Amino acid sequence: MKILHLDNNHPLLLEQLTAAGFKNDEDYIATKQEVESKIASYDGIIIRSRFAIDKSFLNKATNLKFIGRVGAGLENIDTDYADKLGIKLFNAPEGNRNAVGEHALGMILSLFNKLNLGDQSVHDGKWLREAHRGLELDGKTVSIIGYGNMGRAFARKLRGFNVEVICYDILEDVENSDATQVDLKELFEKTDVLSLHTPETRKTIGMINTAFINKFKKPFWLINTARGKSVVTTDLVEALKKEKILGAGLDVLEYEKSSFENLFASKKEMPKAFQELLTMDNVLLSPHVAGWTIESKEKLAQTIVDKIKAVFC
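Residues numbered from 1 in each chain as written. Predicted model: local features only at pLDDT ≥ 70, side-chain atom pairs only at ≥ 80, totals over all residues. Heavy atoms only, no water.

A.B. asks: How should I be thinking about the sheet that holds strand E5 (residues 88-90) in this particular structure?
C.D. replies: Strands pair in a sheet through their backbones, by hydrogen bonds, and they do so in one of two ways: parallel or antiparallel. Within the open sheet, the five strands sit side by side as E2-E1-E3-E4-E5. Their pairing is parallel. The open sheet is flanked by strand E2 (23-26) and E5, the only strands paired with a single partner. Along the sheet, successive strands turn relative to each other by an average axial angle of 20°, direction set aside. Of the pairings in the sheet, the one linking strand E1 (residues 2-5) to strand E3 (residues 44-47) comprises three bridges and is parallel in character. Among the inter-strand pairings, Leu4 is bridged to a residue of E3, identified as Ile45. Each of E1, E2 and E3 is contacted by helix H1 (residues 12-19), which is oriented at about 150° to E2, the strand it contacts most. Strands E3, strand E4 (66-69) and E5 of the sheet are contacted by helix H12 (residues 294-312), whose axis makes an angle of about 155° with E5. (Pairing = 2+ DSSP bridges. Helix = DSSP H or I, 4+ residues; strand = E, 2+ residues; numbered from the N terminus. Axes fitted to C-alpha atoms, helices over the stretch in contact; angles between N-to-C directions. Contact = heavy atoms within 4.5 Å.)

Right under this line is the structure:
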């Protein structure tokens with residue numbers, strides 16, 4: 001079987017698939033159109049987020065048997081059409097769930113203790129202890145929306161912090177010893193910290209908007225290590241100004257390209273809401289790297305290899 005690798009990944013992918021008898025070709029620079037012109041000769045594709053695998057692409061991939069996405073989600077793939085064509089889909093949320101859980105926890109602790117602000121203050125030659133007095137996580141209620149691989153990993157990280165962990169999910173009976181499943185009414189009443197761990201779907205795009213935010217009984221902290229389009233940035237900025245949201249840790253942004261690689265070429269392109277977000281001391285930003293660790297790079301690749309071999313070897 002021939003596999004076309006469209007993104008550069010951990011070398012174990014090529015090494016182990018070659019050892020398993022697959023023929024591996026690499027093409028990390030061709031345009032989508034150029035790839036489409038030759039894709040019919042391949043049985044499999046390995047991709048991260050370089051471009052969308054849409055209906056047009058799949059119609060040209062007449063011999064395709066599987067797509068391996070070295071990442072958690074499948075939103076860049078027309079999954080319904082791939083299923084219709086009998087193409088197997090492999091993704092790897094198991095590979096970076098630990099990294100995402102650690103990053104989300106790190107963002108909470110950094111925001112609560114004003115670590116970034118304190119660091120900058122000391123670098124500026126100041127020693128403002130009272131201005132950087134922090135909060136403790138102890139005794140708070142941490143709410144998780146989306147209790148799959150990522151949500152569960154994050155809940156495990158909260159062990160030992162003496163917090164109540166609750167979760168909401170569209171599936172029933174997902175709770176375990178790390179979190180109690182609740183309905184939205186209870187989540188709105190109890191939340192001190194809200195962490196998103198949902199995929200990008202029609203239901204989750206724009207989910208965190210003014211109407212949703214206003215349903216919370218208390219001001220809360222927001223953490224998003226999931227997908228940027230789940231949060232309406234304009235509404236988030238207004239909620240931060242009104243202190244309905246006390247602070248936000250955002251690893252992902254509404255404005256990301258589908259490849260997750262770039263934001264804006266210049267400041268002129270930045271929406272007003274994003275420019276305001278950049279000025280806020282209670283906002284912590286990172287460039288979509290929650291699942292982007294040295295260890296997760298290897299684990300993501302290994303997960304894809306194992307899933308391909310389980311079916312085709």
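So, next bit.
A.B. asks: What's the story with the pattern of salt bridges in this structure? I'm lost.
C.D. replies: Pairing of side chains with opposite charge becomes possible as their charged atoms draw close. Applying the stated rule across the entire model yields 15 salt bridges. For Lys23, the salt bridge identified is with Asp25, shortest N-O distance 3.0 Å. Exposure remark for Lys23: the relative accessible area of 45% places this residue in the partly exposed category. Of the residues examined, Asp25 reaches a relative accessible area of 19% and is grouped as buried. The partner of Lys241 in a salt bridge is Glu276, with the nearest N and O atoms 2.5 Å apart. You can see Lys241 sitting in helix H10 (residues 233-241) and its partner Glu276 sitting in helix H11 (residues 272-278), a full 35 residues away along the chain. (Salt bridge = Lys/Arg side-chain N within 4 Å of Asp/Glu carboxyl O. Buried < 20%, exposed > 50% of the residue type's maximum accessible area, 1.4 Å probe, protein only.)

A.B. asks: How should unusual backbone geometry be read in this particular structure?
C.D. replies: Trans is the common state for peptide bonds, and a negative phi is the common state for residues other than glycine. Despite not being glycine, Asn162 has its phi angle at roughly 55°, a positive value. Within the fold, Asn162 resides in the loop between helix H7 (149-157) and strand E7 (164-168). Since its relative accessible area comes to 54%, Asn162 is described here as exposed. A positive phi angle, close to 60°, is found at Glu243, a residue other than glycine. Structurally, Glu243 can be placed in the loop between H10 and strand E11 (245-250).

A.B. asks: Teacher, can you tell me more about the environment of Asn9 here?
C.D. replies: Looking at the element boundaries, Asn9 is found in the loop between E1 and H1. We classify Asn9 as buried; its relative accessible area is 11%. Once residues lying within four places of it in the same chain are set aside, the contact partners of Asn9 are Ile46, Arg48, Val70 and Lys297. Looking at Asn9, its side chain comes within polar contact range of the side chain of Arg48, at 3.4 Å. (Polar contact = N/O pair within 3.5 Å; in protein donor to acceptor, adjacent residues only side chain to side chain.)

A.B. asks: Can you help me understand the nonpolar core in this one?
C.D. replies: Ranked by internal contacts, the top residues of the largest apolar core, which has 30 residues, are Leu194, Leu196, Ile208, Leu222, Leu236, Ile245 and Leu277. Elements supplying a minimum of two residues to this core: helix H8 (184-190), strand E9 (193-196), helix H9 (210-213), strand E10 (220-224), H10, E11 and H11. With four residues, the top contributor of residues to this core is H10. The contact partners of Leu194, leaving out residues within four places of it in the chain, are Ser143, Ile145, Leu187, Ile208, Phe212, Phe216, Phe220, Trp221, Leu222 and Ile223. Among the nonpolar cores identified, the runner-up in size contains 22 residues, and Phe112, Leu137, Ile144 and Cys167 belong to it. (Core = buried A, V, L, I, M, F, W, Y, C linked by side-chain atoms within 4.5 Å.)

A.B. asks: Explain the side chain of Ser110 here, please?
C.D. replies: Positionally, Ser110 belongs in helix H5 (residues 93-113). Classification of Ser110 as buried rests on a relative accessible area of 10%. Other than its neighbours up to four places away in sequence, Ser110 contacts Leu115, Asn116 and Leu284.

So far we have only geometry, and geometry alone does not tell us how the molecule works.
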